[in-house]
Amino acid sequence: PITRRELLKSSILSTGITVLSKRDAFAALDPKTAVDGWRKNMLKFGEKHGRFRAQADLDGPIDPLLGATFYDAQRVFYLIGDYTKDKVWTKYAERAMAVYRDRYVMKHDGKLLGYWNFTRGIAMHYKRTGDPVSRQAVRMLAQNGAYGPDATPLDWTKSVDRSREVAYQINAKLDAGSVGEPRAPKLVKFGDQALGHIDQWFVSKTSPYLQPFMVGLTSEALINWDAQNPDPRVLPALKTAAAGLWNHLWVA
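Remember, it's a predicted structure, so these values are computed and weren't measured experimentally.

**A short note on the overall build of the protein**
Here is step 1 of the chain: What the protein contains, in helices and strands, is twelve helices and zero strands.
Here is step 2 of the chain: Each helix (α) and strand (β) of the protein, taken in turn from the N terminus, gives the series α-α-α-α-α-α-α-α-α-α-α-α.
Here is step 3 of the chain: Each of the 252 residues in the protein was classed as buried or not, and the buried ones make up 39%.
Here is step 4 of the chain: Once local pairs closer than 6 in sequence are excluded, the contacts in the protein between residues at least 24 apart make up 73%.
Here is step 5 of the chain: A total of about 14200 Å² of accessible surface is found on the protein, and carbon and sulfur atoms cover 58% of it.

**Brief notes about a nonpolar patch on the surface**
Here is step 1 of the chain: A contiguous nonpolar patch, built from V35, W38 and Y83 and spanning about 300 Å² of accessible area, is present on the exposed surface.
Here is step 2 of the chain: The residue W38 is located in helix α3 (residues 31–55) in this model.

**Description of unusual backbone geometry**
What is expected of a backbone is that most residues other than glycine have negative phi and most peptide bonds are trans.
Here is step 1 of the chain: A positive phi angle, near 65°, is found at Y71, a position not held by glycine.
Here is step 2 of the chain: If you trace the backbone, Y71 turns up in the loop between α4 (62–67) and α5 (73–84).
Here is step 3 of the chain: What makes Y71 partly exposed here is its relative accessible area of 33%.
Here is step 4 of the chain: Located in the positive-phi region is Y147, a residue other than glycine, with phi close to 75°.

**Brief notes about the packing of aromatic side chains**
Here is step 1 of the chain: Throughout the structure, instances matching the rule amount to 16 aromatic pairs.
Here is step 2 of the chain: Seen in terms of ring centroids, F70 and Y71 are 4.3 Å apart; in terms of plane orientation they differ by 55°. Their pairing is tilted.
Here is step 3 of the chain: Residue F70 is classed as partly exposed on the basis of its relative accessible area, which comes to 28%.
Here is step 4 of the chain: Pairwise contacts between aromatic rings join F70, Y71, Y100, Y104, W116, F118, Y168 and F213 into one cluster.

**Considering the packing of helix α9 (residues 163–178) against helix α10 (residues 187–202)**
Here is step 1 of the chain: Put simply, α9 and α10 touch, their axes get as near as 9 Å, and they point 150° apart. Of the two possible hands of crossing, α9 and α10 adopt the one that is left-handed. The segment α9 lies against α10, with S163, V166, Q169, I170, K173 and L174 engaging L187, F190, G191, Q193, A194, H197 and W201.
Here is step 2 of the chain: Among the residues forming the contact of α9 with α10, the class breakdown is seven nonpolar, five polar and one charged.

**Examining the packing of α10 against helix α12 (residues 234–248)**
Each packed pair of helices is defined by two parameters, the angle between the axes and the distance between the axes.
Here is step 1 of the chain: Packing of α10 against α12 leaves a shortest axis separation of 10 Å and a crossing angle of 30°. When the axes of α10 and α12 are compared, the pair comes out roughly parallel. Note that α10 runs across α12; the crossing there is left-handed. Two secondary-structure elements touch here, α10 through L195, I198 and F202 and α12 through V234, A237, T240, A241, G244 and L245.
Here is step 2 of the chain: Looking at the contact of α10 with α12 residue by residue, the classes come out as seven nonpolar, two polar and no charged.

**Details of the pattern of salt bridges**
Here is step 1 of the chain: Throughout the structure, instances matching the rule amount to eleven salt bridges.
Here is step 2 of the chain: R128 is the salt-bridge partner of D82, the closest N and O atoms lying 2.7 Å from each other. Residue D82 is found in helix α5, and its partner R128 is found in helix α7 (residues 120–129); the two are separated by 46 residues along the sequence.
Here is step 3 of the chain: Note on R128: relative accessible area 40%, which makes it partly exposed.

**Focus on the nonpolar core**
Here is step 1 of the chain: Counting residues in hydrophobic clusters, the biggest one holds 54 residues, and the most contacted among them are Y100 and I170.
Here is step 2 of the chain: In terms of residues, this core owes the most to one element, helix α6 (residues 88–105), which gives nine residues.
Here is step 3 of the chain: With residues up to four places along the chain from it excluded, the contact list for Y100 reads L66, T69, Q74, V105, L112, W116, N117, F118, I122 and L141.

**Remarks on α6**
Here is step 1 of the chain: The terminal C-alpha atoms of α6, which comprises 18 residues, lie 24 Å apart, in line with the 26 Å expected from a rise of 1.5 Å per residue.
Here is step 2 of the chain: W89, Y92, A93, A96, M97, V99, Y100, R101, Y104 and V105 are the residues of α6 that are buried.

Reading the values: the criteria
- Residues numbered from 1 in each chain as written.
- Predicted model: local features only at pLDDT ≥ 70, side-chain atom pairs only at ≥ 80, totals over all residues.
- Heavy atoms only, no water.
- Helix = DSSP H or I, 4+ residues; strand = E, 2+ residues; numbered from the N terminus.
- Buried < 20%, exposed > 50% of the residue type's maximum accessible area, 1.4 Å probe, protein only.
- Contact = heavy atoms within 4.5 Å.
- Areas by Shrake-Rupley, 256 points an atom, 1.4 Å probe, with all protein chains shown as cover.
- Patch = residues over 30% accessible without salt bridge, like charges linked within 9 Å, V, L, I, M, F, W, Y side chains within 5 Å.
- Salt bridge = Lys/Arg side-chain N within 4 Å of Asp/Glu carboxyl O.
- Phe/Tyr/Trp six-rings, centres within 6.5 Å; stacked < 30°, edge-to-face > 60°.
- Axes fitted to C-alpha atoms, helices over the stretch in contact; angles between N-to-C directions.
- Left-handed = near helix turned anticlockwise from the far one by under 90°.
- Nonpolar A, V, L, I, M, F, W, Y, C, P; charged D, E, K, R; others polar.
- Parallel < 35°, antiparallel > 145°, perpendicular 65-115°, else oblique.
- Core = buried A, V, L, I, M, F, W, Y, C linked by side-chain atoms within 4.5 Å.
- Expected span 1.5 Å × (residues − 1).

What follows is the structure, encoded as structure tokens:
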């Protein structure tokens, strides 16, 4: 029987698209073209979502407003603003925070689902403005967000199924420390678990599935962890993850 890979390849060939090997694709990559494309998309889609917030009634129904902040819109807008030096992005970030921080985090004392724990943009706001509400929001998310409380058993996040939640808790606890909160006792344990998740994906290969963006979230969290707490295990783990993605998840 035809394999999924063979079926995909035949369908691509039938459209006239050239199927490249990894070596050919890498050699053909023009860094300037890649960066130009990234910059164009950053501005195009950033402006699209920023305008949505600029025109929205921030007191309206919460679901569409909150959904538009997923994956830390406030952080994204601040970063675009830093890159472009255009202050309109600060306004977009503040309007996103008026929904995520004020109507969601503060309303629920930071007791959010693990995949809704976004502290970096709020921490950036605190460092830029000194707003005590932002510091409080970061503290709440680090202490009260899913799996964050000291009393929550670590066994609940040992499996790679909770890799995203662990990555976000690492970032949350690091961000809490960056705004003046005391060091969280579970931070080191979560760092150990994130390294364990890379093992489950690429070394012991006990994970039932592998999603590249999950690997990216864990990798970013470990980079952040290592920047503040140098750990000789992190760089080899990141190399293992990068090689694993490159060697096993390439689709021509």
